[in-house]
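In case you want the letters, here they are:
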Amino acid sequence: MGDDAELTAAVLAAQNGDETAFRAVYRSVHPRLLGYVRTLVGDLDAEDVTSESWLQIARDLERFSGDADRFRGWAARIARNRALDHIRMRGRRPVAVGDETELTGRAAESDTAGEAMEALATGRTLDLIARLPQDQAEAVVLRVVVGLDAKTAAETLGKRPGAVRTAAHRGLRKLAELLGEDPDTEGVLDALPAQRGPRGRVVPSGGVTHACAPTQKDM
């Protein structure tokens, strides 16, 4: 996992005051974190909530301890708390209705082709993910888009890993059904970033579109 090693090193350097390293951390994590927040608060407020999250991440960074996966989970917890505070003030969870262009453009700022491709796939499906029950939407985004393993995702949500696996499994099955209703989105689920399985094992997300859906242990 070369990318994880680079992110871990960048986080450590950023904690020691390296501004270039912090920008690298931001470019690596922001597109997926923004996608997660969009499923919680919708398009109109996602940028503001995510920006507030990054202010807190920067402020509290010196107290963080862990590797790349733990950092993603820590950042996601901060973003989730900010989003839930925003929802409580506003009173309800909206439906995200954006397209892929916003996320793709922002990911491309890092000049990283992989991030841009992941953001493209994410943007095409965020409005559909937002139609899922919230527990399923969050599980799918944290597992598939943010790239957390079940244990880290469960810590972020304050749930058991098994509950997160179940929610992600059901959410991906429902997402496949929603994608199947729209011929213009054919193949989008296959383009989503792969899930992180136990011990870093990669599990293709697109498997739910096949005739035999994966079992929960594959999540």
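Before reading on, note that the structure itself is shown above.
Predicted model, so just to flag it, every value in this text is computed and none were measured. (Residues numbered from 1 in each chain as written. Predicted model: local features only at pLDDT ≥ 70, side-chain atom pairs only at ≥ 80, totals over all residues. Heavy atoms only, no water.)

S.K.: What am I meant to see in the pattern of salt bridges here?
M.R.: A pair can form between side chains of opposite charge whenever their charged atoms are brought close. Under the criterion given, the structure shown has 10 salt bridges. Residue Asp 60 pairs with Arg 59 through a salt bridge whose shortest N-O separation is 3.7 Å. The salt bridge involving Arg 70 is made with Glu 155; its shortest N-O contact spans 4.0 Å. Residue Arg 70 is located in helix α4 (residues 68-90), and its partner Glu 155 is located in helix α8 (residues 150-157); the two are separated by 85 residues in the primary sequence. Linked by salt bridges that have partners in common, Asp 4, Asp 69 and Arg 72 make up one network. (Salt bridge = Lys/Arg side-chain N within 4 Å of Asp/Glu carboxyl O. Helix = DSSP H or I, 4+ residues; strand = E, 2+ residues; numbered from the N terminus.)

S.K.: Explain helix α3 (residues 43-60) here, please?
M.R.: Two residues of an α-helix separated by three or four positions point the same way, owing to the 3.6 residues in each turn. With 18 residues, α3 extends 26 Å from end C-alpha to end C-alpha; this agrees with the ideal 26 Å at 1.5 Å per step. Here α3 has its buried residues at Asp 43, Asp 45, Ala 46, Glu 47, Val 49, Thr 50, Ser 53, Trp 54, Gln 56, Ile 57 and Asp 60. (Expected span 1.5 Å × (residues − 1). Buried < 20%, exposed > 50% of the residue type's maximum accessible area, 1.4 Å probe, protein only.)

S.K.: Got a minute to help me understand helix α7 (residues 134-145) in this structure?
M.R.: Spanning 12 residues, α7 covers 15 Å between terminal C-alpha atoms, matching the ideal 16 Å at 1.5 Å per step. Extensive coverage of α7 is indicated by the burial of 10 of its 12 residues. For α7, the set of buried residues is Gln 136, Ala 137, Glu 138, Ala 139, Val 140, Val 141, Leu 142, Arg 143, Val 144 and Val 145. Positive phi appears at Gly 147, one or two residues downstream of α7, with a value of about 90°.

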